Amino acid sequence: MGAIVLLSVLGWLVSLRTSYLWYESVGYTSVFSTMMWTRLGLFGVFALAMAAWTGINLYLAYRFRPDTWPATSEQEGLERYRELISPKAGWWIGGVAAVVGVFAGMSAQSRWETWLLFREGGEFAWSDPVLGMNAGFYVFRLPFWQFLIGFGFAAVVVGILASLSAYYLYGALRFSGTGDRMSNAARIHLSVLVALFLGLKAVAYYFDRFNFTTQENQVTDIVGGGYTEMTALMNAKNALIWVSVIAAVVILVFSWGFTRSLALPAAALGLVVVTAIAAGGIYPAVVRNFQVEPNRPQREGPYAQHTIDGTRYAFGMEDLETTTYPVASQPDAEAMAADKSTVPFVRLIDPFVVSDAFTQAQQPRSFYDFNEKLDIDRYTYTDENGNEVTQDFVVGLRELNPAQLTDEQQDWTVTHTVYTHGWGFVSASTTESDNGAPCFTSGVLSDDPGNCQIGNDIIDVEKPQIYYGLLNNEYAIVGAPDTETPREYDRPIDVAVSDDDSTEEDAEEIGDDRYTTYEGEGGVDIGSIGHRLLYAWEFQEPRFLLSDQINEESQLLYNRNVRERVQEVAPFLTIEADPYPAVVDGEIVWIVDGYTTTNNFPYADRVNLADATNDTYSGQGVANQSSEEINYMRSSVKAVVNAYDGSVDLYEFDEEDPILQAWNQIYGGDLVIPKDETPQGLIDHFRYPQDLFKVQRSLLQRYHVNEARTFIEGGEAWATPSDPSQGSEVTQPAYYVYATYPEQSQPYFQLTGSFTPRNRPNALASLMSGYYDENGDPQLKVFDVVGGDDQSVRQIHQIITSTSEVVTTLRDAQQAGTTVEWGNLLALPVGDGILYLEPMYLRRQAGGQGEELPRLTNVAISYGGYVGFAPTFEQAVDMVVEKYVSGAPSEAEQNEGEGEGEEGETPTETPSETPTDEPTTEAPPATDPPEVEAAIENVIAAQEAYEVARTSGSNEEEGRALDDLLAALDQLQAAREAAGQ
């Protein structure tokens, strides 16, 4: 047993030391030391307090034990325990107190963050409008007060139990025999403890009143006390405070001997219980059912308005701008085609689909890999005409993926000392393709660099080695003396390289491969035998001591996943699920958004972080957020991790966030770099954070409404559309575009999405955009779409996939054994309409030669109801313009079976209610014959069945569904021909 305890303590000390060495290597020892000293301090203070309290109560019970005890069978059974304890009573008291104190200290040390925020927390620019307390009280101070109250209750209960046990053991408290059942000393002692418990209960009732501002309102299903809480329950808590105090006084009177009857203290306790049931349960239920429910908007309106205002502030939406975007009933397609502010930058390449194309086209060795989802970023470069151009690109890092190493390469020495890093930052145009493949523009490492028109190497990288990323979290042992041959595999030399790095002094070509030596300072020095011994124990790996690959220059790189690295450095942050790489001043860095969150903000609605951020990408190249409830979230920090040396810099982004200010003070005042010291080259790559946008999007489904009555009635609620490319109920991802939205004077790199009315899932309600303006300040805007006949993205997808051109392509793909993949369907405001764009990719199913690259074969667009489907975006636009100019009926009208005139034009004016003076000779608009309407319904049903089979069925089921859809279209064509249409 002693050996097990010794080994456990030794293992804990080793982990403590290695953790310190890691924090020292990244330059954040203050984070480690503050955490450890605070936890040790809390453990010591509360362990001593609880131990002393327990020991005092046991001592008093032992000190005032009776000199004799009745000769009853009950007491005779306890005699052997008294004989065991009495000779060493002091040791027993001390031992029990120490054990209880250790448990109390262990519980208290876990509240180290609560204590630090209590000590350093400031104030917000928001106070709850009912009780008038600043939000800082709820976020920083109330949690620690509640912890102290809880600790006090635990201490009193421990004191009562300890005293009862001691008094019972020595006969001061008994349950049989004649005479008094409790001695005077026991009665006084226990009564004081019970009175203390009731006094703490009064204090708890006082602080419970503040919980109303952060608890859920059962009537409106939002956070924040409503009419019932702030009237009935508030009065109940105030009454319970006084009843508890009175009960405590009554029990103290009993304890000092004025009466030995238990009736009076029992009545006092009963009064507390009855008041709690009547005032805290029955009365509020009556108020809720008979006053509030019949008059919800009137009673709950003011309180709902508090939550609307508080939620918008808590999630950074207090400056939300809502603009009306009028859409014409038949928008001008020619003007759309001539647009110069958005159309030239329309994104065709989907970063989620083309990851395999990046990997296979830029993978000279099998262990290189790209993340399952790539990223979008923008860069400014000089084109061949000398013009400065800003454009967004699909970007990714060619990382080393340990899972792809062969069995021979899985040897410990090879894995940890040879295959240590990836190589290269790779970018591709979002607006061009190379015969359907990505048009690579930088970081090309391939025998075939492609024939892109933009040109290669527009993004210059000085150190392309990738030691820190998302795919490789294995530890690496790097570094070697200058006299030794480099041993770290860098890249092959038998392929063309777009970046010229052959002059690096620390690299050497051996055979067909190039080797290098790590020259950074981001690792832990393991050159000494002491450090090697520590990590041999920590990683349970004796080869740290035996391997001759470790020398005096060796460094150990671990915690290499950039999300985990930032989380260790800043444990108070919630880390963005999707970090993205950027090249800044020639260096490859990862930019990671860090959020400050809390669940204690008054009158702010609560969201589940995992649910709000879940979409198609979650778990597929993008991390899943933890399932925690929050009601405050700010993008406060931009963390930057160098992909080569692993250095972490925390740049302040929200200068007014009190939570970040508190943590910065906790860690010495210099944890984060002030916002005005952020390099401009880095600012140029900041983008509106995705997880914050998703949370705001989730909240705005209800909180776009400003008026409380409308909010409560819920008639204006929105919904976030499902991803049409998936065919299942998963939220459509938000998407980055370089575009000009209404009322914007220039293109911005913005994150955007759409909403549908909750009760009309096929319609488009609004567009949402988040971006940083020219000053780097975040802007969030909502564009309410009015007029026109614009459908939701899912409805547009159904219309697109029902057109004859698309159906024919699907049939050909099915017959050729290829798989169709749709990219994210974008909805962009252009001209006086909405431009919908959805790229189609084809890839051959897995076979003996593996899976082919996904190829961008066609682009589908919809504008004003007209669908264009062609190999290029320009051709698809031309198709839409041609249909618009000719006045042909739109695909939406055809699918819905709407009537159209001889030329297929849709009426734009509402007929007058009174007849005109002269009768018209024109025939009324023709309606479809029943046969045509029935055929249209068959097409719609067949199309829906195909969508289900495409996403959840087998290849055979998909083929049958496609045949049914083609047959339905043929029947529709035949019905229209028979009807003379």
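Values in this document were obtained by computation on a predicted structure and should not be read as measured data.

Peer 1: Can you help me understand the sheet that holds strand β14 (residues 488–492) in this one?
Peer 2: Either a parallel or an antiparallel arrangement is found when strands of a sheet pair, and the pairing is made through backbone hydrogen bonds. Spatially, the three strands line up as an open sheet ordered β14-β17-β16, and their pairing is antiparallel. Bordering the open sheet on either side are β14 and β16 (507–510), each of which pairs with just one other strand. Each adjacent strand pair in this sheet contributes to an overall mean axis angle of 35°, direction not counted. Pairing geometry for β16 and strand β17 (residues 513–516), over four bridges, is antiparallel. Within β17, the residue paired with Ala507 across the bridge is Thr516.

Peer 1: I keep staring at the pattern of salt bridges and nothing clicks. Help me out?
Peer 2: Side chains that differ in sign of charge can pair as their charged atoms come close. Counted according to the given criterion, the structure contains 17 salt bridges. Among the ionic pairs, Arg634 bridges to Glu318, the shortest N-O distance being 3.8 Å. Here the residue Arg634 occupies a position in strand β25 (residues 632–642), and Glu318 occupies one in the loop between α10 (296–314) and β3 (321–326), the gap between them amounting to 316 residues. A salt bridge links Asp490 to Arg514; its shortest N-O distance comes to 2.1 Å. Within this pair, whereas Asp490 is found in strand β14, its partner Arg514 is found in strand β17, the two being separated by 24 residues in sequence. Here Asp490 matches Arg514 in class, with each residue buried.

Peer 1: Just checking my understanding: could you explain the confidence of the model for the chain for this structure?
Peer 2: A low pLDDT means the predicted coordinates there should not be read in detail. Counting all residues, the mean pLDDT for the chain is 86, and 88% of those residues have values of 70 or more. A low-confidence stretch, residues 898–926 (pLDDT under 50), is modelled with 17 contacts involving residues beyond four sequence positions or located in other chains.

Peer 1: What exactly am I supposed to notice about the environment of Gln971 here?
Peer 2: Within the secondary structure layout, Gln971 lies in helix α27 (residues 955–978). The residues touching Gln971, leaving out its near neighbours within four places in the chain, are Ala935 and Asn938.

Peer 1: What should I look at first to understand the nonpolar core in this one?
Peer 2: Nonpolar side chains in soluble globular proteins tend to be buried together. Formed by 210 residues in total, the largest nonpolar core has its most connected members in Phe544, Phe601, Leu650 and Phe873. Of the residues forming this core, the biggest block, eight residues, is contributed by α27. With sequence-adjacent residues up to four places away left out, Leu650 is seen in contact with Tyr28, Val569, Ala570, Val637, Lys638, Ala639, Leu671, Val672 and Ile673. In terms of nonpolar packing, the next biggest core, distinct from the first, is built from 26 residues, Tyr138, Ile160, Ala166 and Tyr167 among them.

Each value, and the rule that gives it
Residues numbered from 1 in each chain as written. Predicted model: local features only at pLDDT ≥ 70, side-chain atom pairs only at ≥ 80, totals over all residues. Heavy atoms only, no water. Pairing = 2+ DSSP bridges. Helix = DSSP H or I, 4+ residues; strand = E, 2+ residues; numbered from the N terminus. Axes fitted to C-alpha atoms, helices over the stretch in contact; angles between N-to-C directions. Salt bridge = Lys/Arg side-chain N within 4 Å of Asp/Glu carboxyl O. Buried < 20%, exposed > 50% of the residue type's maximum accessible area, 1.4 Å probe, protein only. pLDDT = per-residue confidence, 0-100. Contact = heavy atoms within 4.5 Å. Core = buried A, V, L, I, M, F, W, Y, C linked by side-chain atoms within 4.5 Å.

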